[in-house]
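The chain contents come next:
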Amino acid sequence: MHEVLRAWVQRCNQRTLECLENGVHVELETQDDRGYYRYVFDVFPGR
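Reference entry: report on the structure contained in this document. Keep in mind the model is a prediction, meaning the values are calculated, not measured.

**Looking at the overall build of the protein**
Right, on to step 1. Within the protein, the secondary structure is distributed over one helix and three strands.
Right, on to step 2. Reading the protein from its N end, one meets helices and strands in the order α-β-β-β.
Right, on to step 3. For the protein, the spread of C-alpha atoms along the three principal axes comes to 35 × 20 × 15 Å.
Right, on to step 4. Residues counted as buried form 17% of the 47 residues belonging to the protein.
Right, on to step 5. In the protein, the proportion of contacts linking residues at least 24 apart, taken out of those at least 6 apart, comes to 1%.
Right, on to step 6. Carbon and sulfur atoms make up 48% of the accessible area of the protein, which amounts to about 4200 Å² in all.
Right, on to step 7. Between the centroid of the 6 positive side chains of the protein and the centroid of its 8 negative side chains there is a distance of 5 Å.

Here is the structure:
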C-alpha cells in the first residue's frame, strides 16, 4: 500500500498505515502551494 500511495499522492509528507482486523486505517499529510492537508480514512477490502 505504501507503493500505491507514493504513486498516487503527490507531495506526501507523512503517511501511516495501520492494519486492522477488517481493513486498513490510512492517515496522510500532503502539501501544495496553499498549505498542508491531512486525510484520514479506512479501507475495507471486499466492500
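**Describing a nonpolar patch on the surface**
Right, on to step 1. A cluster of nonpolar side chains, namely Met1, Tyr37, Tyr39, Phe41 and Val43, defines an oily patch on the protein surface of about 440 Å² accessible area.
Right, on to step 2. You can see Tyr39 is positioned in strand β3 (residues 35-43).
Right, on to step 3. Accessibility expressed as a relative area gives 42% for Tyr39, which makes it partly exposed.

**Regarding the sheet that holds strand β1 (residues 12-20)**
Right, on to step 1. Across the sheet, three strands lie side by side as β1-β2-β3; this open sheet has antiparallel pairing. Sheet topology places β1 and β3 at the edges, where each strand pairs with a single neighbour. Along the sheet, successive strands turn relative to each other by an average axial angle of 10°, direction set aside.
Right, on to step 2. Taken together, the nine bridges between strand β2 (residues 23-32) and β3 define a ladder with antiparallel strand orientation. When the sheet's bridge partners are listed, Thr30 is paired in β3 with Tyr37.

Quick notes on the rules
Residues numbered from 1 in each chain as written. Predicted model: local features only at pLDDT ≥ 70, side-chain atom pairs only at ≥ 80, totals over all residues. Heavy atoms only, no water. Helix = DSSP H or I, 4+ residues; strand = E, 2+ residues; numbered from the N terminus. Buried < 20%, exposed > 50% of the residue type's maximum accessible area, 1.4 Å probe, protein only. Contact = heavy atoms within 4.5 Å. Areas by Shrake-Rupley, 256 points an atom, 1.4 Å probe, with all protein chains shown as cover. Lys, Arg positive; Asp, Glu negative; His and termini not counted. Charge placed at Lys NZ, Arg CZ, Asp CG, Glu CD. Patch = residues over 30% accessible without salt bridge, like charges linked within 9 Å, V, L, I, M, F, W, Y side chains within 5 Å. Salt bridge = Lys/Arg side-chain N within 4 Å of Asp/Glu carboxyl O. Pairing = 2+ DSSP bridges. Axes fitted to C-alpha atoms, helices over the stretch in contact; angles between N-to-C directions.

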